[in-house]
Amino acid sequence: MISQPMAGKTDEEIAEARDKACAKLREMGYEFVNTLFTDEWYSDEAMEERGVVQIPLCYLAKSLENMSLCHAAYFVKGWEGARGCKIEHEVAEAYGLEVLHE
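The sections below set out a description of the structure shown in this document. A quick note: this is a predicted structure, and the numbers were derived from the prediction, not measured. (Residues numbered from 1 in each chain as written. Predicted model: local features only at pLDDT ≥ 70, side-chain atom pairs only at ≥ 80, totals over all residues. Heavy atoms only, no water.)

1. Here's the deal with the state of the cysteines
Summed over all chains, the structure comprises zero disulfides. Free cysteine C70: the closest other cysteine sulfur is in C22, separated by 12 Å. Overall, C70 belongs to the buried group, its relative accessible area being 14%. The thiol of C85 is unpaired, and the distance to the nearest cysteine sulfur, on C70, comes to 14 Å. With a relative accessible area of 4%, C85 lands in the buried category. (Disulfide = S-S within 2.5 Å. Buried < 20%, exposed > 50% of the residue type's maximum accessible area, 1.4 Å probe, protein only.)

Structure follows, in structure tokens:
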């Protein structure tokens with residue numbers, strides 16, 4: 001999986017960093033699990049309809065669920081300053097995933 005900081009970044013910056021990480025992982029022989037949730041289920045309207053109050057926490061929970069499918073987690077530069085990435089890093093280490101850094 002790819003863990004990357006997103007707060008304060010444009011969609012283009014997020015996509016560029018993700019594409020770079022995907023290319024690096026493929027080069028290293030890894031496949032990756034999507035943790036960028038952009039389908040309708042995660043739209044603002046759907047979240048509100050489901051009663052989600054803490055949207056970032058909802059994304060983090062889904063990301064951790066998808067981490068259960070992974071052998072490794074790749075952390076994009078700047079992860080240390082993003083609360084969700086820091087939690088994902090702690091979980092990856094605690095559960096024995098291979099931890100990779102950009």
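2. Quick look at the sheet that holds strand β1 (residues 2-3)
Within the open sheet, the three strands sit side by side as β1-β2-β3. Their pairing is parallel. Each end of this open sheet is capped by a strand with a single partner; those strands are β1 and β3 (98-101). (Pairing = 2+ DSSP bridges. Helix = DSSP H or I, 4+ residues; strand = E, 2+ residues; numbered from the N terminus.)

3. Section: the layout of surface pockets
As a volume, the largest pocket reaches approximately 740 Å³. Within the residue set of the lining of the largest pocket, elements represented by two or more residues are β1, α1 (11-27), α3 (55-67) and α4 (83-94). Here the residues of the lining of the largest pocket are counted per class, giving 14 nonpolar, seven polar and five charged. Counted as a void, the second largest pocket has a volume near 170 Å³. M1, Y30, E31, H71 and A72 are the residues nearest the centre of the second largest pocket, which is lined by 13 residues in total. Sorting elements by how many residues they give to the lining of the second largest pocket places strand β2 (residues 72-75) first, with three residues. By residue class, the composition of the lining of the second largest pocket is eleven nonpolar, one polar and one charged. (1 Å grid on protein atoms, 1.4 Å probe; cavity = no way out; pocket = protein on both sides within 12 Å on 5 of 7 lines; lining within 4 Å. Points joined across faces, edges and corners; volume = space filled by probe spheres on them. Nonpolar A, V, L, I, M, F, W, Y, C, P; charged D, E, K, R; others polar.)

Spatial relationships are all this shows, so hold off on functional conclusions.
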